[in-house]
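As a plain string of letters, each chain reads:
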Amino acid sequence: MKIGVYSGSFDPITKGHEDIIRRAAKMTDKLVVAVLNNVNKRYLFSLEERTAMVLCSLKDLDNVEVKNFQGLLTDFMEENKIEFIIRGLRAVSDYEYELTMAFANSDISQGRVETIFMPAAKQYMYLSSSVVREIANYGGKLSDYLNEEVEKKIRDKIKIQGSR
Ligand code: ADP
């Protein structure tokens, strides 16, 4: 069984992430979407909220499983019998970082882990969760970047933060 992992913070999940997941799910028997919990990072959404948004966006995909993880991705992969990592490549700026991570993951797993890059969809080439958070802060249009439920969640979150 070919099992892949797609990991990220998903703070929040965007249509760019979703596009990669849907395309990758077609190529794998099972795709694990791993929502990262980095204790040193400050997120807009909690791990539970980020995970719930990922689940809600992918509920129609029956070979996709959503899990949380922290620590080394290669350890998580070994525990879950996952052989390869799917990564999305946006602009050239992603390339250097992604290549470094691919080499590092290959090295620390003694060559067991393979990384597969998929090009971002043209319309999501410059889309990131941080751009989305910025637009949301200023009340801008988000429907091109987020699905309806996620858009509602970020609007509510910004409202709560603004009223503090
Ligand atoms: P985030 O923190 O925004 O969830 P990460 O930087 O952790 O995202 O990246 C998770 C994966 O998603 C990476 O492979 C990244 O290149 C990919 N990704 C992020 N945004 C997009 C997008 N708009 N289109 C395609 N892939 C994307």
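Here we summarise the structure given alongside this text. (Residues numbered from 1 in each chain as written. Predicted model: local features only at pLDDT ≥ 70, side-chain atom pairs only at ≥ 80, totals over all residues. Heavy atoms only, no water.)

**As for the overall build of the chain**
Part 1 of the argument: For the chain, the helix and strand inventory stands at six helices and five strands.
Part 2 of the argument: For 164 residues, the compact-globule estimate of 2.2 N^0.38 gives 15 Å, and the chain sits close to it at 16 Å.
Part 3 of the argument: In terms of principal-axis extent, the alpha carbons of the chain reach across some 50 × 30 × 30 Å.
Part 4 of the argument: The long-range share in the chain, meaning contacts at least 24 apart out of those at least 6 apart in sequence, stands at 72%.
Part 5 of the argument: Accessible area for the chain stands at about 9600 Å²; split by element, carbon and sulfur atoms hold 52% of it. (Helix = DSSP H or I, 4+ residues; strand = E, 2+ residues; numbered from the N terminus. Rg over C-alpha atoms; globule rule 2.2 N^0.38 Å. Contact = heavy atoms within 4.5 Å. Areas by Shrake-Rupley, 256 points an atom, 1.4 Å probe, with all protein chains shown as cover.)

**Details of the site of the ligand**
Part 1 of the argument: In the vicinity of the ligand lie 17 residues, with Tyr6, Phe10, Gly88, Tyr124 and Leu127 positioned nearest.
Part 2 of the argument: With respect to the ligand, the side chain of Arg87 contributes an N or O atom lying 3.2 Å from an oxygen atom.
Part 3 of the argument: The side chain of Ser129 places a nitrogen or oxygen atom 3.0 Å from an oxygen atom of the ligand.
Part 4 of the argument: In isolation the ligand exposes 550 Å². Once the protein is present, 88% of that is buried.
Part 5 of the argument: Per-class residue counts for the shell around the ligand are six nonpolar, seven polar and four charged. (Near = heavy atom within 4 Å. Polar contact = N/O pair within 3.5 Å; in protein donor to acceptor, adjacent residues only side chain to side chain. Nonpolar A, V, L, I, M, F, W, Y, C, P; charged D, E, K, R; others polar.)

**Here we look at helix α6 (residues 148-162)**
Part 1 of the argument: Compared with an ideal rise of 1.5 Å per residue, which puts 15 residues at 21 Å, α6 spans 21 Å between its outermost C-alpha atoms and is within 8% of the ideal.
Part 2 of the argument: The complete set of buried residues in α6 reads Val150, Glu151, Ile154, Lys157 and Ile158. On an axial view of α6, the arc spanned by its buried residues comes to 125°, and they lie on one face. Exposed and oriented more than 90 degrees from the buried face of α6 are Glu148, Lys152 and Lys159. (Expected span 1.5 Å × (residues − 1). Buried < 20%, exposed > 50% of the residue type's maximum accessible area, 1.4 Å probe, protein only. Arc of directions from axis to C-beta.)

**Some words on the nonpolar core**
Part 1 of the argument: With 32 residues, the main nonpolar core has Ile21, Val33 and Ile154 as its most contacted residues.
Part 2 of the argument: Of all elements in the fold, only α1 (15-27), β2 (30-36), α2 (47-57), β3 (64-69), β4 (84-89), α5 (129-137) and α6 reach the threshold of two or more residues within this core.
Part 3 of the argument: In terms of residue count, the dominant contributor to this core is α1 (four residues).
Part 4 of the argument: With near-sequence residues (within four places) excluded, Ile21 lies in contact with Tyr6, Ile13, Leu31, Val33, Leu58, Leu61 and Val64.
Part 5 of the argument: Core analysis: the second largest hydrophobic core is formed by 11 residues, Val5, Ala34, Leu73 and Val113 among them. (Core = buried A, V, L, I, M, F, W, Y, C linked by side-chain atoms within 4.5 Å.)

**Concerning the side chain of Thr115**
Part 1 of the argument: Residue position: Thr115 is located in strand β5 (residues 114-119).
Part 2 of the argument: For Thr115, a relative accessible area of 15% corresponds to the buried category.
Part 3 of the argument: If near-sequence neighbours (up to four positions away) are discounted, Thr115 is found in contact with Ile85, Arg87 and Ala102.

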